[in-house]
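The residues making up each chain are set out below.
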Amino acid sequence: MSRQSSPSGFDASGIIDMMSRMGLPHDLTENALQNPTLLQQLMAMGYFFLCRIISITTRLIAVSVAVEDPHGDVTKLAIYNYPCTLDASPEETDELFPIGTILAIREPTYKLAAGDGVPMIRVDSPSDIVFISAKSRFLQGVRWATGDVVQSAPSRPTSVETWKNRGVKEFKAKKWLLASICFTEGLKLDPNHQVSRLNRSEAYLRLGWFISALRDAEDVLKAHILDESLYRKAVFRAAKASYNIDDYSRTTEIAALQPEDIECSQWAVKARRRAREKSTGEYDWCSVFQDSQKPASLPDIANYCGPIEVKTRGGTNAVRGVFVTRDVKIGELLMVAKPIASSHPSESPRDDNEMFMSFNFLTKMTSLRSGYMLITKVVQRIWDDSSIAATINSMYAGPDCAEPLPYPIPLASDASALNNPQKPVVDIDINRIEGVISMNSFRPQSLGFGTFSKTSNASHDIEDTPSGLYELPSFCNHACLSTAARAFFGDVMVIHASQSLRKGDEVTLEYCDGTLPLKQRDKYLSNWRFTCDCLLCAADRADDRSAATLRSRLRVELSSATTIRQAEDIVSNIEKTYTDHAERRRCKSKPELSLAYHVLSNICWRIRQDIRCVRLAIKADMNSLEAVGIIITDRSISGRVKRQSTLPIDTRRGPTHFRDPCIMTVIQIVFVFESIGEKTRARDWMKVAAWISNICIGGGNALFMMRFTSVMQEQKVMHVAEDAL
Ligand SMILES: C[S@@+](CC[C@H](N)C(=O)[O-])C[C@H]1O[C@@H](n2cnc3c(N)ncnc32)[C@H](O)[C@@H]1O
């Protein structure tokens, strides 16, 4: 086999030679071949490796090519996390890394591959790959033992027009990165070729490289071109780019350059709307909800930072957290956060034969394709935006990474744009990115329409789920009994206060399902290396030791109860597992009991042979609500409504858990009251459903109606809602 045709034709003496030339002592290199741990130690030692691509690419997760060094020794090079490569076709990766390309690999990691055992150079941080022009002065004196030209290296255009035409072809094939590379090559030959610059701006827009897109479009504007169509395109692209970096005042200024142009002035209108959302926190939630119903949607809205700040937690625990800067009412909007990056299974449907799974040694959890894709997506965002790199550096990345830098990050003077699409504006620290994603990523599960049909959780374990990284929400610490509730509109995270807060109180979120038994919560949270000490954990820990085991056993028994009597007895025994102590009284929440009452209510419904069953069902539903903290002030089921307030609950407290299910439960209560002719009670409980929806999700009665219309129609209580709200 020719040494140039395949990396597997490589012999060990060549490796030793090459490693020596990389500056590694001979005995070390020889040992390293026998000893993989030693090979690991050779990582990140600060060497670079000069090589030339001599084969076409293959792609599994990484892009792999065979490379030779100037002496003609050959090895495999595996490139991970390079933008646009995870789902690229072989032709595309061949064009990105064509035969003959000269590369300098910084800090090369030489390792044995897991699969075929062939040693390879692995690059995880794509900024460690430096593309070198064959004419570079850096290569003066370098002689390639196999000849100056690699056979079968593709020819390169020599005129700006040919590069432009090639770029347009790549653009039409939706190969945005390749298109931007072609336009850049053309611009190297003629920096005044404004069509190429404008085309590159559009390719950058498609890549999400908005800072560079803006710089290119503004450079074209500065060039005072006379062509009207080009000028209009430049204005349009600059407006779009500035809008996407949330610089709404700049968008308005740019759009004003073409006041007569309808499309440009639409950018100005949208920018003014976004600026208003950003400063007031007022959104049209119904249309945001509608937008969010498309798969992998990212509604077009502004970020919002409410009355909150990130600061260090007091006491012995010197971790940072998010705190309110004034008294906040239950249900107040605290944050609206678009993701830094997000990834969805639907964006990259996997090959039928592909089984993708990665294991995260930080969280000790497996992740599927979307979790892994998020790394490449974050790399792609950082590529053009150093402020995102700064944000990543300020986020907690786990105990094995350097301490995070202070947050908020100081404002950068002016963002630098890409000079070359193959060279990111900052070094990519992949280790930190992986740490940050492990410790901070969320699973955006977009709000849907309410439904009574329950989906089984059983299959969710092996199903891929969306993954997203967010800035401000990442600074929120965890509490199983959290002070704030998050909801997703598509990929946009919206956080409301789930209880009234005093100035200086901490805004906490549930990292794991707070309704799980304590032991499971502890196990899950140990991956983050802390033990939760919230009110719910304190209460659960203060319970009798055997209580949790007994509770779980009874829950299993309850699932097979067939009569109301049996179910009532089991629920009453579950209730007895909660000792009456100060911690529980402070916490006021018993999520597992809430679930048990919910099951009891369902059994009553199923049987429903007389009015007694119906009454029991309502009572069980009310108990279920109370077990998650709702204070019911009027539990009456019949007779004259005697209370002073319109609502039968105390609106100073909302549900601690099960927020959407609580709304369903209340709609069920409405249905029963309506069916037994208790019209006033039905109306008042409908107001409770809308109130819960509003404090947890926001959007007022209109959004509640929109989300729950089909449920209310199914329950034949739509007219009650129309009457009550
Ligand atoms: C997403 S970060 C939260 C922000 C982080 N505290 C910071 O300083 O950037 C997650 C990390 O915060 C810490 N943390 C979160 N909730 C905590 C809690 N309830 N008690 C102690 N540490 C907590 C843990 O170190 C966890 O790995």
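Residues numbered from 1 in each chain as written. Predicted model: local features only at pLDDT ≥ 70, side-chain atom pairs only at ≥ 80, totals over all residues.

Per an unreviewed UniProt entry, the protein chain carries the name SET domain-containing protein and comes from Phellinidium pouzarii.

Draft legend 1. Quick peek at the overall build of the protein chain. Across its full length, the protein chain carries 26 helices and 20 strands. Split into buried and exposed, the 725 residues of the protein chain put 44% on the buried side. Within the protein chain, contacts between residues separated by at least 24 positions form 68% of all contacts whose residues are at least 6 apart in sequence. (Helix = DSSP H or I, 4+ residues; strand = E, 2+ residues; numbered from the N terminus. Buried ≥ 20, exposed ≤ 12 C-beta atoms within 10 Å, placed from the backbone. Contact = placed C-beta atoms within 7 Å.)

Draft legend 2. Seen up close, the sheet that holds strand β18 (residues 484-489). The sheet built from four strands is open, its strands ordered β9-β12-β19-β18 with antiparallel pairing. Each having just a single partner strand, β9 (304-305) and β18 make up the two edges of the open sheet. Direction of pairing for strand β12 (residues 333-337) relative to strand β19 (residues 492-497): antiparallel, over a ladder of four bridges. When the bridges of β19 are listed, Met335 appears paired with Ile495. (Pairing = 2+ DSSP bridges.)

Draft legend 3. Main features of helix α7 (residues 194-207). For α7, built from 14 residues, the straight-helix expectation of 20 Å at 1.5 Å per residue is met to within 8% by its first-to-last C-alpha distance of 20 Å. With 12 of 14 residues buried, α7 lies mostly within the body of the structure. Contacts from the buried residues of α7 go to α5 (160-172), α6 (176-189), α8 (210-222) and α9 (228-244). Backbone geometry just downstream of α7 places Gly208 in the positive-phi region, at approximately 80°. (Expected span 1.5 Å × (residues − 1).)

Draft legend 4. Molecular detail of the site of the ligand. Surrounding the ligand, one finds 16 residues, the nearest of these being Arg320, Tyr396, Asn477, Trp528 and Phe530. Of all the elements in the fold, those that place two or more residues in the shell around the ligand are β11 (320-324), α15 (430-440) and β17 (477-478). Of the residues that constitute the shell around the ligand, the class distribution is nine nonpolar, six polar and one charged. (Near = placed C-beta within 6 Å. Nonpolar A, V, L, I, M, F, W, Y, C, P; charged D, E, K, R; others polar.)

Draft legend 5. Fine view of the nonpolar core. Counting residues in hydrophobic clusters, the biggest one holds 175 residues, and the most contacted among them are Val378, Val666, Ile667, Val670 and Ala689. If you look at the next biggest cluster of nonpolar residues, it comprises nine residues, including Ala479, Leu481, Cys532 and Ala539. (Core = buried A, V, L, I, M, F, W, Y, C linked by C-beta atoms within 7 Å.)

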